[in-house]
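What follows is each chain in one-letter form.
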Amino acid sequence: MALARVNAVIVGAGAAGGIVAKELAEAGLTVVLLERGKWYTAFDCRKDDLRNQRTSLLGCSFGPDDDRYRRVVVGPDGQERIVAPSEGAYNNNAACVGGGTFSYGAMGWRYLEKDFRMRSTYGAVAGSTLEDWPISYQDLEPYYTKAEWEIGVSGDDTKNIFKGPRSRPLPMPPPPPSREHLILKAAAERLKLHAFDIPMLRNTVQYNGRGACMRCRWCVGFACEVDAKCGTHNTVIPRALKTGNCTLRTECVAKEILTNGQGWVTGVAYFDERGRLQEQPADLVVVSASATETPRLLLNSRSRLFPNGLGNRYDWVGRNLQGHAYSGAYGLMETDTYDDLGPGASIAICDYNHGNPGLVGGAMLCNEFIRLPIQFAMLRPPGVPRWGAAHKDFMRHFFNRCIAVHGPVQEMPVFDSRVQVDPRVVDGWGIPVARLSGARHPQDLEVANYISGKAAAWLKEAGAITTWPKLPGQGLSGGQHQAGTCRMGNDPRASVVNRYCQVHDMANLFVVDGSVHVTNGGFNPALTIMAVAYMASEHIVQTWKGTRMRG
Amino acid sequence: MQVAVVGAAAGPIVSCVGTSNPWRCLIEDEARTLEALVDRIIPADQDPGAAWAGVANFIDRQLVGPYRRLQKTYRQGLTGTNETSAAMFGKRFPALSREQQDEVLRALESGQVSGKSWKQLPAKQFFDLLVSHTMQGFYGDPRHGGNRERVSWKMLRLPFPPVRGRMQDDLTKTS
Ligand SMILES: Cc1cc2nc3c(=O)[nH]c(=O)nc-3n(C[C@H](O)[C@H](O)[C@H](O)COP(=O)(O)OP(=O)(O)OC[C@H]3O[C@@H](n4cnc5c(N)ncnc54)[C@H](O)[C@@H]3O)c2cc1C
Ligand code: SF4
């Protein structure tokens, strides 16, 4: 039996989906928000260092589970492997209300002006589909501001001379500096680098009816027990529900987007929390399932009119999967630098995002989030054995004396780094799973090397007695910063959605999430995903009011 | 320290091998070998080592939980370790001196071992797994059955309890 028709179905209650739900519901549209995961709260904060969203050795605390979910990953050697969400190769983000924003580190970055104009700035790059965004930083600026104030950002980027102009300051001040912050700040000043307080989606004062961060040890990858981390689960989604126009259905897994013989989208088929197949008819559908799951859903929605899946007439769906080529350095110090003040990451520089001689792009550099003992046990400088008395000694001596500086190197999009659906393997509901294949562009590794050297220089100036590099591998990239698989563009033959996130040949289908990023900046992507979601929502509301999108 | 029966102390026994055995997945003999192995990976010095910390208990517990898929790997690896020890020094691994045990470990790590168990499971692969699981059991949260009495966190001078955070103001003082 079909369910009662609504104006919009949104698939995925993550960073983007939560915002779209609130904007549409507040504008008076009836909305069903489908989320495959559960709605966790601060009470589910277990602070388990072996089972969380970042160190998932014993499983992912906020989904998906290893029993029902899997992916196929094709290695550089062509070898296929079935992987579970808790394995790194799965390239997981999260499955819960709030998506990645429930447990993220919560850096809230604006990309720089040049990040939207990579092709015009650097020219074509062989082996890459590098392009400009169809929108500029200026187009997005009002929506960045909206995200900063509605979701809540603390920090102080006034000293960042590289940033684009902002129309409003950040709503909250940064937290007081940690010991590590002060050491790095002094070193940056001596090096004439422009260090500043990282903008963070985290309350440092009472804001939006929630309290301030109490600076615990376990932040990135964990839930916040005092609800100070700002995600969509504790901001826009409750606001959407409050309108009375939005229904959130958790543990509901979208299977397919439904279309009719005229090429209009008519709704979504999904498995409900008891595994029953349901059909939710709607005037329009917004897919916000993340950069790996969104293309999977589009490609799984095949019909006579759309034999290759939705939005895929020109074979761009699932292409250009990118994340970040994280690189940096570790430094061992002579005296204690660790002061147990979370969240850890707090100071950054944008001196190396652009203008690096002979290179395309670069990365923001910042200090790491608090490193838990198990994380420290997995790294060491060359020469230190990985087991035995010497390793234990190293742990004891340096756990409190190690600073890491690293950054998300902007990747060159590669056409053959991609998400497909696997022809054989299915998930716990019988839906064909995502199949990931491809590799990083060689230029990413060059930039990573360069950035790593800069990180080491900063650490040395800060007093490091030894430094060693942290470098990315050549393999496929996606992971928590996954993006790019349904590129936004003006040319329907070389992109999937237009500047308003509307699928090119389909008036009532939208993709709003990290998938639409043309390039992914040298920064963590969540605030940009949020800003684009606000921008797209405004367009959806206006169009819907005009046409009601009845096919 | 090497002989502490840490498995017995750690909660309900969900055994897959019979009731007289305190371990959940391993048999007594395998558990002894595992304890001896982990205690060379993180040996006791001024701070207790991995055996005392319950790392074998941690691994045993995960082998009936998230690491179920590795049961066979551990069986083969522990048997292989004893075969290699016998080939090198004429005794099973737990009966060797520490120096001899370290030599066996170095042989496993380099993959320079013979023996029929290592035909299916490369020794190096088992060794890598063992090192990372030992680190997890020693440095990870005690709730999973290792890091007894938070021994590694004390060694690293980490304040406890870990969940309680603090602003610069001391919130425990009443005004
Ligand atoms: C540990 C961690 C730390 C991070 N730190 C930072 C940081 O500091 N700064 C930053 O900018 N970013 C950070 N990120 C990344 C950030 O969370 C993501 O970039 C962001 O959440 C992506 O937004 P999205 O809307 O594209 O997808 P998501 O937020 O992943 O939302 C997608 C949602 O769709 C749901 N879904 C998928 N498929 C289906 C289906 N078939 N049916 C129903 N629902 C479905 C998923 O369960 C999920 O909830 C971090 C992520 C993690 C996990
Ligand atoms: S560091 Fe602050 S925001 Fe992060 S989990 Fe702890 S209290 Fe919450």
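About the criteria used
Residues numbered from 1 in each chain as written. Chains lettered and ligands numbered in written order. Predicted model: local features only at pLDDT ≥ 70, side-chain atom pairs only at ≥ 80, totals over all residues. Heavy atoms only, no water. Near = heavy atom within 4 Å. Nonpolar A, V, L, I, M, F, W, Y, C, P; charged D, E, K, R; others polar. Axes fitted to C-alpha atoms, helices over the stretch in contact; angles between N-to-C directions. Helix = DSSP H or I, 4+ residues; strand = E, 2+ residues; numbered from the N terminus. Left-handed = near helix turned anticlockwise from the far one by under 90°. Contact = heavy atoms within 4.5 Å. Polar contact = N/O pair within 3.5 Å; in protein donor to acceptor, adjacent residues only side chain to side chain. Areas by Shrake-Rupley, 256 points an atom, 1.4 Å probe, with all protein chains shown as cover. Pairing = 2+ DSSP bridges. Parallel < 35°, antiparallel > 145°, perpendicular 65-115°, else oblique. Buried area = accessible area lost by both parts, 1.4 Å probe. Salt bridge = Lys/Arg side-chain N within 4 Å of Asp/Glu carboxyl O. Domains from an automatic or database assignment.

A. The site of ligand 2, seen in detail. Around ligand 2, the neighbouring residues are K47(A), R202(A), C213(A), M214(A), R215(A), C216(A), W218(A), C219(A), C224(A), V226(A) and P343(A). Here the shell around ligand 2 is built from residues that sort into 8 nonpolar, no polar and 3 charged.

B. Quick peek at the packing of helix α1 (residues 15-26) of chain A against helix α10 (residues 526-547) of chain A. All names here are of chain A. Interaxial distance between α1 and α10 falls to 9 Å at its minimum, and their mutual angle equals 35 degrees. Crossing angle aside, the handedness with which α1 passes α10 is right-handed. Of α10, the residues touching α1 (which contributes A15, A16, I19, V20, E23 and L24) are I529, M530, A533, Y534, S537, I540 and V541. For the contact of α1 with α10, a count of residues per class yields 11 nonpolar, 1 polar and 1 charged.

C. Structural context of the site of ligand 1. Residues and elements named next belong to chain A. Inspection of the region around ligand 1 gives 37 residues, with E35, R36, N93, A254 and A526 positioned closest. Interatomic distance of 2.8 Å between a side-chain N/O atom of N93 and an oxygen atom of ligand 1. Considering ligand 1 on its own, with 1000 Å² of exposed area, one finds that the protein chains cover 98% of that surface. Taken together, the elements giving at least two residues each to the shell around ligand 1 come down to α1, β8 (253-259) and α10. In the shell around ligand 1, the residues fall into 18 nonpolar, 15 polar and 4 charged.

D. Structural context of the sheet that holds strand β17 (residues 466-470) of chain A. Residues and elements named next belong to chain A. Strand order in the open sheet made by the 7 strands is β5-β6-β12-β13-β14-β11-β17, with antiparallel pairing throughout. At either end of the open sheet lies a strand with only one pairing partner, and these are β5 (154-156) and β17. The average angle at which neighbouring strand axes cross in this sheet is 30 degrees, direction not considered. Bridge count for strand β11 (residues 325-332) against strand β14 (residues 402-409) is 8 bridges, and the pairing is antiparallel. Paired with G328 across the bridge in β14 is H406.

E. View of the sheet that holds strand β4 (residues 80-83) of chain A. Residue and element names in this part refer to chain A. Pairing is mixed across the open sheet formed by 4 strands, whose spatial order is β4-β3-β16-β15. Two strands close off the open sheet at either side, each with one partner strand: β4 and β15 (418-426). Between one strand and the next, the sheet's axes are offset by a mean angle of 35 degrees, whatever the strand orientation. Taken together, the 3 bridges between strand β3 (residues 71-74) and strand β16 (residues 432-437) define a ladder with parallel strand orientation. Counterpart to V72 in the pairing with β16 is R435.

F. Representation of the packing of helix α1 (residues 28-41) of chain B against helix α4 (residues 98-110) of chain B within the structure. Residue and element names in this part refer to chain B. Axis separation between α1 and α4 bottoms out at 10 Å; the angle between their running directions is 90 degrees. Considering their axes alone, α1 and α4 lie roughly perpendicular with respect to each other. Contacts between α1 and α4 involve A36, L37, R40 and I41 from the first element and R98, Q101, D102 and L105 from the second. The residue makeup of the contact of α1 with α4, split by class, is 4 nonpolar, 1 polar and 3 charged.

G. Spotlight on the interface of chain A and chain B. Taken together, the contacts link 36 residues of chain A with 44 residues of chain B. Both faces considered, chain A and chain B share a buried interface measuring about 3500 Å² in area, 56% of it formed by carbon and sulfur atoms. When the buried area of chain A at its contact with chain B is split by residue, W387(A), K392(A) and R396(A) rank highest and sum to 23% of it. Linking chain A with chain B are 6 salt bridges. Seen at the junction of chain A and chain B, the total is 18 residue pairs in polar contact (both at pLDDT 80 or more). Counting only elements with at least two residues in the side of chain A that touches chain B, the list comes to α7 (373-376) and α8 (389-398) of chain A.

H. Representation of the domain arrangement of chain A. Residue and element names in this part refer to chain A. We note that the domain assignment places domain 1 (1-43 + 91-146 + 222-323 + 477-551) and domain 2 (154-200 + 325-409 + 441-474) within chain A. A separation of 31 Å is found between the C-alpha centroids of domain 1 and domain 2. The partner domain 2 presents 29 residues to the 27 residues of domain 1 that form the contact. A combined buried area of about 2100 Å² lies between domain 1 and domain 2, and 64% of that area is made up of carbon and sulfur atoms. Three residues stand out in domain 1 for area buried against domain 2, namely M107, W109 and Y122, and they jointly supply 26% of the buried area on that side.

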